[in-house]
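Chain by chain, the residues:
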Amino acid sequence: MASGGDWGRLLETGDRYEPYRLVDADGAAVAPVAVFFQELLATGKAAATVRSYGMDLLRWWRFLHAVEVPWDRATRMDARDFSCWIQLTVKPRASAAKRWPARTVGAPNPVTGKTPLGPGCAPSTVAHSETVLRRFYDLHRDAGSGPLLNPFPLGLARRSGRAHAHHNPMDAWAPERTGRYRPTVPRRIPRSIPDEWFNTLFAAPPSNRDRAMIAFWISSGVRASELIGVRPGSATSTRDSS
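Residues numbered from 1 in each chain as written. Predicted model: local features only at pLDDT ≥ 70, side-chain atom pairs only at ≥ 80, totals over all residues. Heavy atoms only, no water.

Peer 1: How would you summarise the confidence of the model for the protein if you had to cite specific residues and measurements?
Peer 2: Within the protein, residue pLDDT values average 79, and 73% of them lie at 70 or more. Here residues 94-104 is a poorly scored stretch, pLDDT under 50, and it has one contact once near neighbours within four places are set aside; other chains count. pLDDT under 50 marks residues 237-242. Its contacts with residues more than four places away, or in other chains, come to zero contacts. (pLDDT = per-residue confidence, 0-100. Contact = heavy atoms within 4.5 Å.)

This is the structure in structure tokens:
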């Protein structure tokens, strides 16, 4: 298979109405992807979501370029081959050896327990890619601008009827594969840091104000992105008037 790694790229435009644009090797915008991006923005998706979806589409377009298949002529055989390729390929990381010492590569973080990135795409990345490409082809199929059959179909169980159609409300929801080529994503265990490391962190700030911010963060359970956006009026306290 010819290399498609040099084909095209995803550009950040700085335009709020078109934050990202997928361009081909000649610098021309890929029209079907531009339409998909506009649909995402119309549904209220953030620019970061558009970028995330765009990276999946760029990977798919590079694969199609390598196998010399037009996007609107892709078949389920092509989707199957792509799903196998993305799970087996090794991602280039030329600077990985510079960022991490050799003894730490492949070892979990000793404090948080976070597993380092592997040589290939994570199962969650593969699953996200499958979902994005299926939605992309669903859009163009419904608009009549793409193939009549989605190259990334639903799983056979989902195609036969509504998911969990006969679910017993007394039973727990069983995991169900959505797409035929969607891999199983391992269930992640919440990470934590040891108590002694938290005590060290709590004692490190130079002022009570900073320690109060850490205590507020931990006790409220908010995400880091939510904590950054907190304003003076966001955190209010109430007193019992009785």
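Now, onward.
Peer 1: Explain helix H1 (residues 31-42) residue by residue, including any values.
Peer 2: Between its first and last C-alpha, H1 extends 17 Å over twelve residues, near the 16 Å set by a 1.5 Å rise per residue. Every buried residue of H1 is accounted for by Pro 32, Val 33, Phe 36, Phe 37 and Leu 40. The arc that holds the buried residues of H1, viewed along the axis, is 140 degrees, so those residues lie on one side. Seen from the open side of H1, the exposed residues pointing more than 90 degrees away from its buried face are Ala 31 and Ala 42. (Helix = DSSP H or I, 4+ residues; strand = E, 2+ residues; numbered from the N terminus. Expected span 1.5 Å × (residues − 1). Buried < 20%, exposed > 50% of the residue type's maximum accessible area, 1.4 Å probe, protein only. Arc of directions from axis to C-beta.)

Peer 1: Pulling in residues and values, what's your account of the pattern of salt bridges?
Peer 2: For the structure on display, the rule yields eight salt bridges. A salt bridge links Asp 56 to Arg 59, with the nearest nitrogen and oxygen atoms 3.0 Å apart. Of this pair, Asp 56 and Arg 59 both sit in helix H2 (residues 47-67), three residues apart, which is roughly one turn of that helix. A relative accessible area of 3% places Asp 56 in the buried class. We note a salt bridge from Arg 80 to Asp 81, for which the minimum N-O separation is 3.4 Å. By relative accessible area, Arg 80 is classed as partly exposed at 38%. (Salt bridge = Lys/Arg side-chain N within 4 Å of Asp/Glu carboxyl O.)

Peer 1: If you had to explain the packing of aromatic side chains to someone new, which residues and values would you point to?
Peer 2: Tallied over the full model, the rule gives 17 aromatic pairs. Ring centres 6.3 Å apart and planes at 85 degrees place the aromatic pair Trp 60 and Tyr 137 in the edge-to-face group. One end of the pair, Trp 60, is in helix H2; the other, Tyr 137, is in helix H5 (residues 123-143), and 77 residues separate them in sequence. In terms of burial, Trp 60 and Tyr 137 fall into one category: buried. An aromatic cluster of three or more residues is present, and its members are Phe 36, Tyr 53, Trp 60, Trp 61, Phe 63, Trp 71, Phe 82, Trp 85, Phe 136, Tyr 137 and Phe 152. (Phe/Tyr/Trp six-rings, centres within 6.5 Å; stacked < 30°, edge-to-face > 60°.)

Peer 1: Requested: an account of the nonpolar core, with residues and values cited.
Peer 2: Within the largest apolar cluster, 31 residues are counted, with the highest numbers of intra-cluster contacts made by Phe 37, Leu 57, Trp 60 and Trp 61. Within the residue set of this core, elements represented by two or more residues are strand S2 (18-23), H1, H2, helix H3 (76-88) and H5. At eight residues, the largest contribution of residues to this core is made by H2. Each residue touching Leu 57, except ones within four places of it in the same chain, is listed here: Leu 22, Val 33, Phe 36, Phe 37, Val 132, Leu 133 and Phe 136. (Core = buried A, V, L, I, M, F, W, Y, C linked by side-chain atoms within 4.5 Å.)

Peer 1: Got a sec to walk through the packing of helix H7 (residues 195-203) against helix H8 (residues 208-220)? Specific residues and values, please.
Peer 2: Contact geometry of H7 with H8 gives a least axis separation of 9 Å together with a crossing angle of 140 degrees. Our classification of the angle between H7 and H8 gives oblique. Contact residues: Phe 198, Leu 201, Phe 202 and Ala 203 in H7; Arg 211, Ile 214, Ala 215 and Ile 218 in H8. For the contact of H7 with H8, a count of residues per class yields seven nonpolar, no polar and one charged. (Axes fitted to C-alpha atoms, helices over the stretch in contact; angles between N-to-C directions. Parallel < 35°, antiparallel > 145°, perpendicular 65-115°, else oblique. Nonpolar A, V, L, I, M, F, W, Y, C, P; charged D, E, K, R; others polar.)

Peer 1: Break down the environment of Ala 29 for me, with residues and values.
Peer 2: Within the fold, Ala 29 resides in the loop between S2 and H1. For Ala 29, a relative accessible area of 46% translates into the label partly exposed. Separated by 20 residues in sequence, Ala 29 and Arg 9 place their C-alpha atoms 9.9 Å apart.

Peer 1: So what about H8? Which residues, and what values?
Peer 2: An ideal rise of 1.5 Å per residue puts 18 Å on 13 residues; H8 measures up with 18 Å between its terminal C-alpha atoms. The positive-phi residue at the C-terminal boundary of H8 is Gly 221, with phi of around 75 degrees.

Peer 1: Kindly report on a nonpolar patch on the surface, identifying the contributing residues and their values.
Peer 2: A cluster of nonpolar side chains, Ile 193, Trp 197 and Leu 201, forms an exposed patch at the surface whose accessible area comes to about 280 Å². Counting through the fold element by element, Ile 193 comes out in the loop between helix H6 (156-159) and H7. Ile 193 gets classed as partly exposed once you look at its relative accessible area, which sits at 32%. (Patch = residues over 30% accessible without salt bridge, like charges linked within 9 Å, V, L, I, M, F, W, Y side chains within 5 Å. Areas by Shrake-Rupley, 256 points an atom, 1.4 Å probe, with all protein chains shown as cover.)

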